[in-house]
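Descriptive analysis of the structure
The primary structure of each chain is shown beneath.
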Amino acid sequence: MRGALSLGAVLLALALRAAGQDAVDPAQGLLDSAAQWEAQHRPDLARLALQKLLLSKPGDPEASRRLGLLEIHSGNIAEAQQILAAVQARNPQSAAAQELAVTLRLETRDRLKLATVRRLVETGRQAEAAQAMRELLPDGPPPGPYGEEYRRVVGDRGPAPTS
């Protein structure tokens, strides 16, 4: 009887350990859910998933970054500015703060300048486009998609910044 209990305890411990390894991190689950809702063009549900994550982990940098970008792309500029201010207050030099600041600027007050750069590229005026892009982003490529666009236009093939 004693051996059966020991074997049962060992099997239970192994099962619990295996279950713990297979369990999904709730924060990652919410980030994945938000990504799925965004892919399905449901920013309202993506926003809810990110807000839920931020309730459980206030100031989470990835959730804050993604919520800020979602608000920018949804046209909720005042909300995006509040999120940016909070991210900058926590860590002003973070990749999330840089990406949000650049995205907010390029999709609001500098959107016409960015459109000009893109038009120069389309018309084959690469040297002018590269110069205009350097003027638009004088600190070089930022984190995120605008950094990738910068590198394509300017021809900078250096390492991509980490997020």
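Structure shown above.
Criteria and cut-off values
- The residue numbers shown here count from 1 along each chain, following its written sequence.
- Where local features are concerned, this predicted model is filtered to residues with pLDDT of at least 70; where side-chain atom pairs are given and counted, the filter is 80 or more; whole-chain, interface and lining totals use all residues.
- The basis for every side-chain value is the complete set of heavy atoms in the structure, and neither hydrogens nor water enter the calculation.
- Criterion for a salt bridge: a side-chain nitrogen of Lys or Arg within 4 Å of a carboxyl oxygen of Asp or Glu.
- For the purposes of this entry, the term helix denotes a DSSP run of H or I that reaches at least four residues, the term strand denotes a run of E that reaches at least two, and both are numbered from the N terminus.
- Residues grouped as a nonpolar core are buried Ala, Val, Leu, Ile, Met, Phe, Trp, Tyr and Cys residues, joined through side-chain atoms within 4.5 Å.
- The buried label goes to any residue with under 20% of its type's maximum accessible area, the exposed label to any with over 50%, and the partly exposed label to all in between, with areas taken from a 1.4 Å probe on protein chains only.
- For this analysis, residues touch if any pair of their heavy atoms sits within 4.5 Å.
- Every axis corresponds to a line fitted to the C-alpha atoms, with the helix fit spanning only the stretch in contact, and the corresponding angles, defined between N-to-C directions, vary from 0 to 180 degrees.
- We call two directions roughly parallel when the angle between them is under 35 degrees, roughly antiparallel when it is over 145, roughly perpendicular when it lies between 65 and 115, and oblique otherwise.
- Should the near helix be turned anticlockwise from the far one by less than a right angle, the crossing is termed left-handed; should it be turned clockwise, right-handed.
- Residue type decides the class: Asp, Glu, Lys and Arg count as charged, Ala, Val, Leu, Ile, Met, Phe, Trp, Tyr, Cys and Pro as nonpolar, and the leftover types, Gly among them, as polar.

What follows covers the pattern of salt bridges. Scanning the model with the defined rule gives ten salt bridges in all. The residue Arg47 makes a salt bridge to Glu71 at a minimum N-O spacing of 2.9 Å. With Arg47 in helix α3 (residues 43-56) and Glu71 in helix α4 (residues 61-73), the pair connects residues that are 24 residues apart, well separated along the chain. Through salt bridges that share partners, Glu62, Arg65 and Glu99 make up one connected network.

This paragraph deals with the nonpolar core. The nonpolar side chains of soluble globular proteins are, as a tendency, buried together. In this structure, Leu50, Leu53, Ala63, Leu67, Ile72, Val87 and Leu100 are the most contacted members of the largest nonpolar core, which totals 22 residues. When residues of this core are traced back to their parent elements, those giving at least two are α2 (26-39), α3, α4, α5 (77-90) and α6 (95-106). Look past the residues within four positions of Ala63 in its chain and what remains in contact with it is Leu31, Leu50, Leu53 and Leu54. If you look at the next biggest cluster of nonpolar residues, it comprises 13 residues, including Val102, Leu106, Leu136 and Tyr150.

This brings us to the packing of helix α7 (residues 111-122) against helix α9 (residues 145-154). At a minimum axis distance of 12 Å, the contact between α7 and α9 shows a crossing angle of 40°. As the angle between them shows, α7 and α9 are arranged oblique. Relative to α9, the crossing made by α7 is left-handed. Along its contact with α7, which presents Leu114, Val117, Arg118 and Val121, the element α9 presents Tyr146, Glu149 and Val153. A class-by-class count of the residues in the contact of α7 with α9 yields five nonpolar, no polar and two charged.

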